[in-house]
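# Breakdown of the fold
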Amino acid sequence: MKKYNVAILGATGAVGSELLSVLESRRFPLAQLKLLALEVGTVISFMGRDYVVEEATGEAFKDIQIAFFAGGSISKVMAPEAVKAGAVVIDNSSTFRLDPDVPLIVPEVNAADLAKHKGIIANPNCSTIIMVLAINPIHQHAKLKRVVVSTLQAVSGAGKAALQEMMTQHKELLEGREPTAAILPVAALAKHYPIAFNLISQIDVFCEDGYTEEEMKLVNETRKIMHVPELAITATTVRAPVVRSHSEFINLETERKLTATEARQILAQAPGVIVQDDPLQQLYPMPTYTTGKDEVFVGRIREDTTVPAGLNLWVVGDQLRKGAALNAVQIAEQLITQNLI
Ligand SMILES: NC(=O)c1ccc[n+]([C@@H]2O[C@H](COP(=O)([O-])OP(=O)(O)OC[C@H]3O[C@@H](n4cnc5c(N)ncnc54)[C@H](OP(=O)(O)O)[C@@H]3O)[C@@H](O)[C@H]2O)c1
């Protein structure tokens, strides 16, 4: 089997660390591995070898075939450099997601769009990936008319520093001290709130219409991935004091009516989805239990009786795994299977 030279930009971060774990667990055909980040010189052990973190420059991508980007806004300048050096970039940032020349891929939904790539492929927003895995199978069977999604998003979704800050805040509060807050909701803004024992109804910056950019990512990325530019979809995103795994309440209206039983059957057969829905046994998805799992879990499947054809779903998935690293590695696997690299 052919092996590939791979680089990870942002290897020391939350997504970068998970990328290493996914590459190992899926036995990705690695020839060489290069790890890049801001803190040059850090040593990372991976599959019995020590790797020294290097600086992210255009030069670093020479001889690299697949470059996973998980370094945030640096993608804007560095992804075109990596492509110039000959690499295919799979980018976790939001920089290129809505660029018409860049495929935005969830392999279970639109792997065929990869054929159009020109060097950069965008990995969607974590909440978007988790949602489309659950709603695309329903759309295929009953055609979506309207989607209302409300999220409760884990703190690790804001990166390793935000998670560390929440842990410190819990300790401070339990010791009766004032919690320190310097990162959430948005590190670059002046005002910060503690997330420990709290909820923050702001993820990313506000747009002029009062929605946040995170909310608009759910709207616009879903339309692009599922090829439904006219889909009526509205989102509310909330940061919750959860370590890992995003949760989403999704209310759907469809053209054709599906019973809850039919929806359960459709989702039980959907790739990457596990139905966990048994009220009598108090069985429903929870972030603590979906953490580290590859699949997205769906429960609380109910008919919405206020409309002719509607459903309510509770969807939970590990945003660092399927919401980021796993989806990115699956994209790389698709590039290989489809002979696109
Ligand atoms: N966290 C999630 O659940 C999640 C999910 C989906 C997508 N994403 C996206 O994935 C990206 C990474 O997020 P994260 O949560 O992993 O962030 P993170 O934990 O803060 O890690 C950021 C990583 O990028 C590196 N980095 C930052 N600026 C750099 C620069 N100028 N040059 C080289 N390396 C640089 C950091 O290096 P040092 O450690 O050396 O500073 C670190 O390795 C972001 O675009 C984020 O929006 C995150």
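Details of the structure are given in the entry above.
This write-up is about the structure you can find in this document. Worth saying up front: this structure is predicted, and the values here are computed from it rather than measured.

### Observations regarding helix 2 (residues 75-84)
- Buried within helix 2 are the following residues: Ser75, Met78, Ala79 and Ala82. Looking straight down helix 2, one finds that the buried residues subtend no more than 105 degrees of arc, so they occupy a single side. Exposed and facing more than 90 degrees away from the buried side of helix 2 are Lys76, Val77 and Lys84.
- If you follow the buried residues of helix 2, they end up packed against strand 1 (4-9), strand 5 (66-69), strand 6 (88-91) and strand 7 (120-122).

### Observations concerning the packing of helix 4 (residues 126-142) against helix 7 (residues 260-268)
- Where helix 4 meets helix 7, the closest approach of the two axes is 9 Å, and the angle between their N-to-C directions is 115 degrees. Handedness of the crossing formed by helix 4 with helix 7: right-handed. Contacts from Ala134, Pro137, Ile138 and His141 of helix 4 reach helix 7 at Ala263, Ile266 and Leu267.
- Of the residues in the contact of helix 4 with helix 7, the class split is six nonpolar, one polar and no charged.

### Focus on helix 6 (residues 213-226)
- Taking 1.5 Å as the rise per residue, helix 6 with 14 residues should run 20 Å; its terminal C-alpha atoms sit 20 Å apart, in good agreement.
- For helix 6, the complete set of buried residues consists of Glu214, Glu215, Lys217, Leu218, Val219, Glu221, Thr222, Ile225 and Met226.
- Buried residues in helix 6 make contact with helix 3 (107-110), helix 4, strand 8 (144-153) and strand 9 (232-239).
- Positive phi shows up at histidine 227, right after helix 6, with a value of about 60 degrees.

### Here's the deal with the pattern of salt bridges
- Enumeration over the complete set of coordinates arrives at 17 salt bridges.
- Here lysine 116 ties to aspartate 113 by a salt bridge, and the two come within 4.0 Å at their closest N and O atoms.
- One network of salt bridges, with partners in common, ties together Glu18, Arg244, Asp294, Asp318 and Arg321.

What counts and what doesn't
- Residues numbered from 1 in each chain as written.
- Predicted model: local features only at pLDDT ≥ 70, side-chain atom pairs only at ≥ 80, totals over all residues.
- Heavy atoms only, no water.
- Buried < 20%, exposed > 50% of the residue type's maximum accessible area, 1.4 Å probe, protein only.
- Helix = DSSP H or I, 4+ residues; strand = E, 2+ residues; numbered from the N terminus.
- Arc of directions from axis to C-beta.
- Contact = heavy atoms within 4.5 Å.
- Axes fitted to C-alpha atoms, helices over the stretch in contact; angles between N-to-C directions.
- Left-handed = near helix turned anticlockwise from the far one by under 90°.
- Nonpolar A, V, L, I, M, F, W, Y, C, P; charged D, E, K, R; others polar.
- Expected span 1.5 Å × (residues − 1).
- Salt bridge = Lys/Arg side-chain N within 4 Å of Asp/Glu carboxyl O.

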